[in-house]
Amino acid sequence: MREVPDKVSLDGLEDRFDARWTAEGTYAFDRTAERADVYSIDTPPPTVSGSLHVGHVFSYTHTDVVARFQRMRGKRVFYPMGWDDNGLPTERRVQNYYGVRCDPSLPYVEGYEPPLQGAEGKSVKAADQQPISRKNFVELCERLTAEDEKQFEALWRHLGLSVDWTRTYQTIGQDAQAVAQTAFLRNLARGEAYTAEAPGLWDVTFQTAVAQAELEARDYPGHFHKVSFHAPDGTPVQIETTRPELLPACVALIAHPDDERYQHLFGTTVTSPLFGVEVPVLAHPAAEPDKGAGIAMCCTFGDLTDVQWWRELQLPTRSVLNRDGRLTRETPEWITSEAGVAMFAEMAGKTTFSARTAVVDALRASGDLDGEPVATQRKTNFFEKGDKPLEIVTSRQWYIRNGGRDAELNAQLLARGSELGFHPDFMRVRYENWVGGLNGDWLISRQRFFGVPIPVWYPVDAEGQPVWDSPIVPDEASLPIDPSSDVPAGYTAEQRGQAGGFVGDPDIMDTWATSSLTPQIAGGWLSDPDLFARVFPMNLRPQGQDIIRTWLFSTVVRSHLEHGSLPWSDAAISGWILDPDRKKMSKSKGNVVTPMGLLEEHGSDAVRYWAASARLGTDAAFEVGQMKIGRRLAIKILNASKFALSFAGEGEIRLDPAAVTVPLDRAMLAGLADVVDAATEALAAYDHTRALELSETFFWTFCDDYLELVKDRAYGGGDAEVSAETLSARTALALALDTMLRLFAPVLPFATEEVWSWWRDGSVHTAPWPVAAPLRAAAGTEARLDELTAAGNALAALRKIKSEAKVSMRTPILLAEVAVPAASLAAVEQAIGDIRGAGRVTGELTIREASEGEGSVDVQGGIVVVRSELGEPEARKPKA
RNA sequence: GGGCCUGUAGCUCAGCUGGUUAGAGCGCCACGCUUACACCGUGGACGUCGGGGGUUCGAGUCCCUCCGGGCCCA
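Counting starts from 1 at the beginning of each chain's written sequence and moves along it residue by residue. Here the convention is simple: chains get letters from A, ligands get numbers from 1, in the order in which they are written. Selection of residues for local features in this predicted model requires a pLDDT of at least 70, selection of side-chain atom pairs for listing and counting requires 80 or more, and totals for whole chains, interfaces and linings are taken over all residues. Water and hydrogen atoms were dropped before computing side-chain values, which therefore reflect all heavy atoms in the structure.

Starting at the N terminus, helices and strands are each numbered in turn, a helix being any DSSP run of H or I of at least four residues and a strand any DSSP run of E of at least two. Along the backbone of chain A there are 25 helices and 29 strands. Throughout, exposure labels follow a simple rule: accessible area from a 1.4 Å probe, protein chains only, divided by the maximum for the residue type, with under 20% read as buried, over 50% as exposed, and the rest as partly exposed. Relative to its 880 residues, chain A shows a buried fraction of 55%. Residues are treated as being in contact if the distance between any of their heavy atoms lies within 4.5 Å. Expressed as a percentage of contacts within chain A between residues at least 6 apart in sequence, the contacts between residues at least 24 apart total 78%. Within the structure as shown, chain A displays about 37,300 Å² of accessible surface, and the carbon and sulfur contribution to it stands at 50%. Computed over 88 positive and 123 negative side-chain charges, the separation of the two mean positions in chain A equals 4 Å. Reported accessibility uses the Shrake-Rupley method at a 1.4 Å probe radius. Residues are deemed covered only where the shown protein chains occlude them. Under this rule, positive means Lys or Arg and negative means Asp or Glu; His and the chain ends count for nothing. By convention, charge coordinates are those of NZ in Lys, CZ in Arg, CG in Asp, or CD in Glu.

For the pair helix α15 (residues 595-602) and helix α16 (residues 604-612), the least separation of the axes is 6 Å and the interaxial angle reads 110°. By the angle between their directions, the pair α15 and α16 is classed as roughly perpendicular. Facing L598, L599 and H602 of α15, the residues of α16 in contact are S604, A606 and V607. Note on definitions: angles span 0 to 180 degrees between N-to-C directions of axes, and those axes are lines fitted to C-alpha atoms, for helices only across the stretch in contact. Angle categories are assigned with fixed cut-offs, so that under 35 degrees is roughly parallel, over 145 is roughly antiparallel, 65 to 115 is roughly perpendicular, and the rest are oblique.

For RNA strand B, the set of nearby residues contains 41 residues, the closest of which are R549, R615, I635, Y715 and R810. The criterion for a residue being near a molecule or strand is simple. One of its heavy atoms has to lie within 4 Å of it. Each atom of RNA strand B within 4 Å of the protein belongs either to a base or to sugar and phosphate, the latter forming 76%. Interatomic distance of 3.4 Å between a side-chain N/O atom of E708 and a base nitrogen of RNA strand B. Between RNA strand B and S803 there is a distance of 3.1 Å, counted from a base oxygen to a side-chain nitrogen or oxygen. Counting only elements with at least two residues in the surface near RNA strand B, the list comes to α10 (428-436), α17 (624-646), α19 (688-715) and α23 (785-804). When residues are grouped by polarity, Ala, Val, Leu, Ile, Met, Phe, Trp, Tyr, Cys and Pro land in nonpolar, Asp, Glu, Lys and Arg in charged, and all others, Gly among them, in polar. The residue makeup of the surface near RNA strand B, split by class, is 14 nonpolar, six polar and 21 charged. Polar contact is the term for a pair of N or O atoms within 3.5 Å; when the atoms are in protein, one must be able to donate a hydrogen and the other to accept it, and sequence-neighboring residues count only if both atoms are side-chain atoms.

What follows is about the environment of R448. Relative to the assigned elements, R448 resides in the loop between β19 (445-446) and β20 (457-459). R448 sits 242 residues away from F206 along the chain, and the two C-alpha atoms are 8.2 Å apart. Aside from chain neighbours lying at most four places away, what touches R448 is L88, E91, R134, F206, T208 and I508.

Strand pairing in a sheet takes place through backbone hydrogen bonds and is either antiparallel or parallel in direction. At least two DSSP bridges between two strands are required for those strands to pair. Taken together, four strands build an open sheet; the order of strands is β8-β7-β16-β18 and the sheet is antiparallel. A single partner strand is all that each edge strand has here, and the edge strands are β8 (208-210) and β18 (442-443). Sheet topology note: the strand β16 (residues 391-400)/β18 ladder contains two bridges and is antiparallel. Of the residues in β18, the one forming a bridge with I400 is W442.

What follows covers the sheet that holds strand β27 (residues 813-820). Taking strand neighbours across the sheet as the criterion, the three strands line up as β28-β27-β29 in an open arrangement whose pairing is mixed. Because the sheet does not close on itself, it has two edges, and the strands there are β28 (841-849) and β29 (864-870). Each neighbouring strand pair of the sheet contributes to a mean axis angle of 10°, computed without reference to strand direction. Two elements, β27 and β29, share six bridges in a ladder whose sense is antiparallel. What sits directly across from L815, in β29, is E869. Packing against the sheet, α23 makes contact with β27, β28 and β29, and its axis sits at approximately 50° to β29. Strands β27 and β28 of the sheet are contacted by helix α25 (residues 832-839), whose axis makes an angle of about 135° with β28.

Here the focus is the nonpolar core. Membership of the largest hydrophobic core comes to 98 residues, with the highest contact counts inside it found for L664, M668, L669, F699, F702, Y706 and L733. Once residues lying within four places of it in the same chain are set aside, the contact partners of Y706 are L664, D665, M668, T701, A729, A732, L733 and L788. By size, the runner-up hydrophobic cluster in this structure holds 60 residues, among which are F422, M509, L566 and W568. Definition used in this section: a nonpolar core is a set of buried Ala, Val, Leu, Ile, Met, Phe, Trp, Tyr and Cys residues joined via side-chain atoms within 4.5 Å.

Throughout, disulfides are identified as pairs of cysteine sulfur atoms within 2.5 Å of each other. Under the defined criterion, the tally for this structure stands at zero disulfides. Of all cysteine sulfurs in the structure, the one in C250 sits closest to C299, which takes part in no disulfide; the separation is 5.0 Å. By relative accessible area, C299 is classed as buried at 3%.

What follows covers unusual backbone geometry. The omega angle of the peptide bond from H423 to P424 is 0°, so this bond is cis rather than trans. Within the secondary structure layout, P424 lies in the loop between β17 (421-423) and α10. Residue P537 is bonded to the preceding F536 through a cis peptide linkage, with omega at -10°. By the element assignment, P537 lies in the loop between α13 (529-535) and β23 (538-544). The phi torsion at L274 lies on the positive side, around 65°, for a residue other than glycine. Looking at the element boundaries, L274 is found in the loop between β12 (269-271) and β13 (278-283). A positive phi angle, near 55°, is found at R840, a position not held by glycine. Relative to the helices and strands, R840 resides in the loop between α25 and β28.

Moving on to helix α8 (residues 352-366). Take the number of residues in a helix, subtract one, and multiply by 1.5 Å to get its expected span. Taking 1.5 Å as the rise per residue, α8 with 15 residues should run 21 Å; its terminal C-alpha atoms sit 21 Å apart, in good agreement. Looking at α8, one finds that the buried residues are T352, A355, A358, V359, V360, A362 and L363. Tucked inside the fold, the buried residues of α8 contact β9 (215-230), α7 (338-347) and β16. Immediately downstream of α8, the backbone of G367 shows phi near 80°, a positive value.

Salt bridges are identified by distance alone: a Lys or Arg side-chain nitrogen within 4 Å of an Asp or Glu carboxyl oxygen. Summed over all chains, the structure comprises 43 salt bridges. Linking R541 and D42 is a salt bridge whose minimum nitrogen-to-oxygen distance equals 2.6 Å. Of this pair, R541 sits in strand β23 while D42 sits in the loop between β1 (38-40) and α2 (54-72), and the two are 499 residues apart along the sequence. Each member of the pair R541 and D42 is classed as buried. The residue E817 makes a salt bridge to R867 at a minimum N-O spacing of 3.1 Å. Taken as a pair, E817 in strand β27 and R867 in strand β29 lie far apart in primary sequence, 50 residues in all. You can call E817 buried: its relative accessible area is 15%. On the basis of relative accessible area, R867 is assigned to the partly exposed category, the value being 44%.

What follows is the structure, given as structure tokens:
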């Protein structure tokens, strides 16, 4: 045995053990392990440019508990960490942090230094941002994310994540780019990726297309306008619209097929006011009879219903909106009337807002506006990161098939969902609802700068027009490439943009198009096939419930298409952190706590305890109180361990089960054996909360009852000769300690490692997970935890008389008569020596069976002291 | 409008496939510095299990309905 410190402490354990674990490679992955012996985790790569919050600490702790449990069970745990530095959040942050913006038309500047450094938190106005080249911009992105990564790693290490820090990746890294581009090109080769000229959601602020998964519906104020169209005979047909500026883009009026009011109009045409364009009146079930007038104007495109009508009724495309959110400058060809042309001239080039004013004024003047516009709130689609309503514009974009327009693929993906183990299981419904409700393929083109480029070029024909339908693809061996600077085989750089030459695809891929490949990136799909075979398909994907439809689903899609399998067997879904007002914690609400400060204040074990106390899938309150309880538990483990180890004196700690001969000791071990079984079962089922609760409850019983009861016997009166009874107690204490340290190790890695270091070699985290069998063997077949409970109750009953007499627990009991329910009688009598010692009964102690009505089961198991006499406390000995 | 989760002591939560007087911790009250621990110990008080119906010999646990939170999708 090494040394037990005189004064135990949790302080400083995080740094000390992080250094040791790193030096000793405690969490290093053994890459010689076969797949069957591996437990692999597809760790969520945090968005490094986002800020760290307690939600991260919360959910990553859940994963770490799983990792540590599996490691102790003998699995070779593959637990890498990635950094998601891809995409828009980084771009935005770089703009503000360095005061720059990307202008792809500018040339690269060697040794560029940005105007600002660390302008955190403020947003720099676009006009004040210095325009720089794409390459310079990307370099700044990389510079900033490198700093973020350091901070993140420091936090994770401090928290005690048992990540193999030699295995990190970046979603923008070269390898990740190669994986993303390779996977894309294979999708393309198999016909799973394609381009299409199609209406899509467009964010005018960010100037990018937006996918279905990135939508967010918000209430947005608008006005209903009652506008009259005219039948050939002059009869007005009144519609209601919130977007009168799209009147020139109108292609039809549509009502529900069953709507009595419009039966006579179906199949006829009407003429639009102001513009004089003749449009058909059509029937479609998506028209809502009780909404407005029940007849709607269908435009190119006001909302997604317009798109549906356009597609299903084969309506013409009459687009008047540009990607910059302004109306086109040229008068559309379908507007031919003199008045219409004049009207459009008034709107041309204006924002939708100004154009609307112009149209409304004109309608009012022409008498085609009935009444004044009525204010309304309506759900409008927004880009989740944007603040202007999305427009729908037609453009050429890349798509990956995801079952959104293919019933067979959809069914296959639903089947994958049913193969996947969701924890908790009800989260599966979110997957099924999402997949079942898809209405289009996955749009992956993004008109951004910082991301993985779409790795294709297009030939330019003799007229100088790109030939979109026959993209030029690179060799996989040459990946990653950037088509905006790399030149396709068979061409020269001078041919870029020239007739007979080529152009590169200007877009990058959606973040999810890369993130959906994290198992492949982390597992070395391309760079290390040997490793990949040992870790893929992985065991676990931990993540939040909000991104089941995006991250989880898209990863399933990619794996299904590329590997014909699930990417992992199980998904662990963590809940949200709620603030004390039951609100989701978020930065905008200003209720976010800095995680590092939290860890430093309470200690990592304490914060981990709080996190581990919440079940998967369940929202948890941010509760400092719970952390304090965790801290108390960790300290208690240190102290109880110090105590248990102190009895051995200078000798070695014995763990020989055969030495446990006293019934009370056996009863304790029998209870512990049950805890081991139940906790193991719970952890194997991803229920860390139950495992912790069982271990914790047992531990407190161990401290309050068992430890108190055997104290005297374990001391052995200080005799040099150790009796069998004393040896039994000491051995049982050591066995229990040895087991409990392992049980707590996944949740409290620091405190348990500290104790382990006092008397064992190596790390508790690579020690085998405890099993019940040896404890049961030591306990024998007769022993039951009830015996310890009964003895503990008897002790509590004796203490109660002291507590009620308001005297110190040191007070001796000169005489006591204790009534014990029949069921507990034998156990109490058996442990009478220990009870007498712990209760300081110096005189006569009578135990008898309780009679009817004596005692209550709720209080000390029905054990009551019916007669007693207290002595004077002995004089206190001066402290050594 | 559809879906999922949730409502148990002042607070945070356990209560498995329905079975005797509903549990834990925190907080609270009283007491105690007992040679592991005052970041402690001992004892105590505290609940018509959101409301209302129903099924059942029996419901916190199953069904219906209403109310309140949270999230997702329309």
